[in-house]
Amino acid sequence: WSARLSPAALRVVRSARTLPSVGASAPAATAGLVLSSVLRFGWPIPAFNFAAYQRMVVPLTVGQLAIFFLVGLYDPAAERSGPESLGTVIRGLFLGAITLVGLSFFLRAFSFPRTVVAVAFVLQVILLWGWRREAAALLHVRWPIRKVIVIGSGADVGLVADRVRA
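The shown structure was predicted, so the numbers you read here are calculated from the model rather than taken from an experiment.

A. Structural view of a nonpolar patch on the surface. A cluster of nonpolar side chains, Val148, Val150, Val160 and Val164, forms an exposed patch at the surface whose accessible area comes to about 300 Å². Secondary-structure assignment places Val160 in helix H5 (residues 155-165).

B. Region of the structure containing the layout of surface pockets. The space that makes up the second largest pocket amounts to roughly 260 Å³. Around the second largest pocket sit 20 residues that line it, and Leu33, Leu60, Gln64, Gly96 and Leu100 are the ones nearest its centre. Elements with a minimum of two residues in the lining of the second largest pocket: helix H1 (7-41), helix H2 (47-71), helix H3 (82-107) and helix H4 (114-138). Considering each element in turn, the lining of the second largest pocket owes the most residues, seven residues, to H2. Of the residues belonging to the lining of the second largest pocket, the class tally is 13 nonpolar, seven polar and no charged.

C. Inspection of the environment of Gly96 at higher detail. The residue Gly96 is located in helix H3 in this model. Residue classification places Gly96 among the buried residues on the basis of a relative accessible area of 10%. Residues Gly96 and Ala66, spaced 30 residues apart in sequence, show a C-alpha to C-alpha distance of 9.4 Å. Setting aside residues up to four positions removed in sequence, Gly96 forms contacts with Gln64 and Ile67.

D. Quick look at the side chain of Thr61. Here Thr61 lies in helix H2. By relative accessible area, Thr61 is classed as buried at 17%. Within polar-contact distance, the side chain of Thr61 engages the side chain of Thr30 at 3.2 Å. Apart from the residues within four sequence positions on either side, Thr61 is in contact with Ala26 and Thr30.

E. Structural view of the environment of Ala97. When you line up the elements, Ala97 lands in helix H3. Taking the C-alpha atoms as reference points, Ala97 and Ala120, separated by 23 residues in sequence, lie 8.6 Å from one another.

F. Looking closely at the nonpolar core. Counting eleven residues, the largest nonpolar core consists of Val22, Ala26, Ala28, Leu65, Phe68, Leu73, Tyr74, Val89, Leu93, Val125 and Leu128. Examining the composition of this core, we find that three residues originate from one element, H1, more than from any other. Beyond its immediate sequence surroundings of up to four residues, Ala28 is in contact with Gln124, Leu127, Leu128 and Trp131. Core analysis: the next-biggest nonpolar cluster, separate from the first, contains nine residues, Leu33, Phe50, Leu60 and Ala97 among them.

G. Examining unusual backbone geometry more closely. With an omega dihedral of -5°, the bond running from Trp43 to Pro44 counts as a cis peptide bond. Inspection of the secondary structure puts Pro44 in the loop between H1 and H2.

The rules behind the values
- Residues numbered from 1 in each chain as written.
- Predicted model: local features only at pLDDT ≥ 70, side-chain atom pairs only at ≥ 80, totals over all residues.
- Heavy atoms only, no water.
- Patch = residues over 30% accessible without salt bridge, like charges linked within 9 Å, V, L, I, M, F, W, Y side chains within 5 Å.
- Areas by Shrake-Rupley, 256 points an atom, 1.4 Å probe, with all protein chains shown as cover.
- Salt bridge = Lys/Arg side-chain N within 4 Å of Asp/Glu carboxyl O.
- Helix = DSSP H or I, 4+ residues; strand = E, 2+ residues; numbered from the N terminus.
- 1 Å grid on protein atoms, 1.4 Å probe; cavity = no way out; pocket = protein on both sides within 12 Å on 5 of 7 lines; lining within 4 Å.
- Points joined across faces, edges and corners; volume = space filled by probe spheres on them.
- Nonpolar A, V, L, I, M, F, W, Y, C, P; charged D, E, K, R; others polar.
- Buried < 20%, exposed > 50% of the residue type's maximum accessible area, 1.4 Å probe, protein only.
- Contact = heavy atoms within 4.5 Å.
- Polar contact = N/O pair within 3.5 Å; in protein donor to acceptor, adjacent residues only side chain to side chain.
- Core = buried A, V, L, I, M, F, W, Y, C linked by side-chain atoms within 4.5 Å.

The values are spatial; any link to function lies outside them.
Below you can see the structure in the form of C-alpha cells.
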C-alpha cells in the first residue's frame with residue numbers, strides 16, 4: 001500500500017509511527033534505571049541514592065531519546081529486522097550509559113553505583129527491544145524481503161546462496 005502513497009504522504013505515515021515509538025521508549029528507559037536501583041538497593045530506594053536521579057530524570061530521559069534519534073532508532077524510513085533493531089537499541093543504550101557515567105564523574109552530582117548502570121543497561125535492552133518486538137508482532141509488521149545478488153562461479157556461489165537463504 002505504501003507504493004500508492006505520494007512521498008509526502010508516506011513521510012506523514014512514517015512520522016505518525018515515530019511518536020508512539022518515542023512515547024513508549026521514554027518510560028521503558030526510565031523503568032530500566034529505576035528497576036536496577038530497586039534490585040541493587042531494595043525497596044524503598046535510599047533517598048541519598050535516588051535524590052539525584054529524581055532531579056535529573058527529565059534531562060537524562062530527553063538525552064537518551066536524543067541519542068536514540070542520533071543512532072537512527074526512530075528513523076521512519078529504516079526497515080530493520082529484529083536483530084538489526086536489537087543492534088540499534090544496544091548502540092543507543094551503550095552511548096546513553098557512557099553519557100550517564102560521564103555526567104556522574106564530571107558533575108559529581110549522581111549517586112549511581114556502577115552496578116546500577118550495568119544492570120540498567122541489561123534491563124533497558126530487554127524492555128526497549130522487548131516492547132518493540134511485541135509491538136511488531138501485535139501490529140503484524142513484516143520485515144521486508146531483501147534481494148541479494150551473488151556474483152561468482154562454482155561451488156562457492158552455491159555455498160553463499162545457501163547461507164543467504166537460511
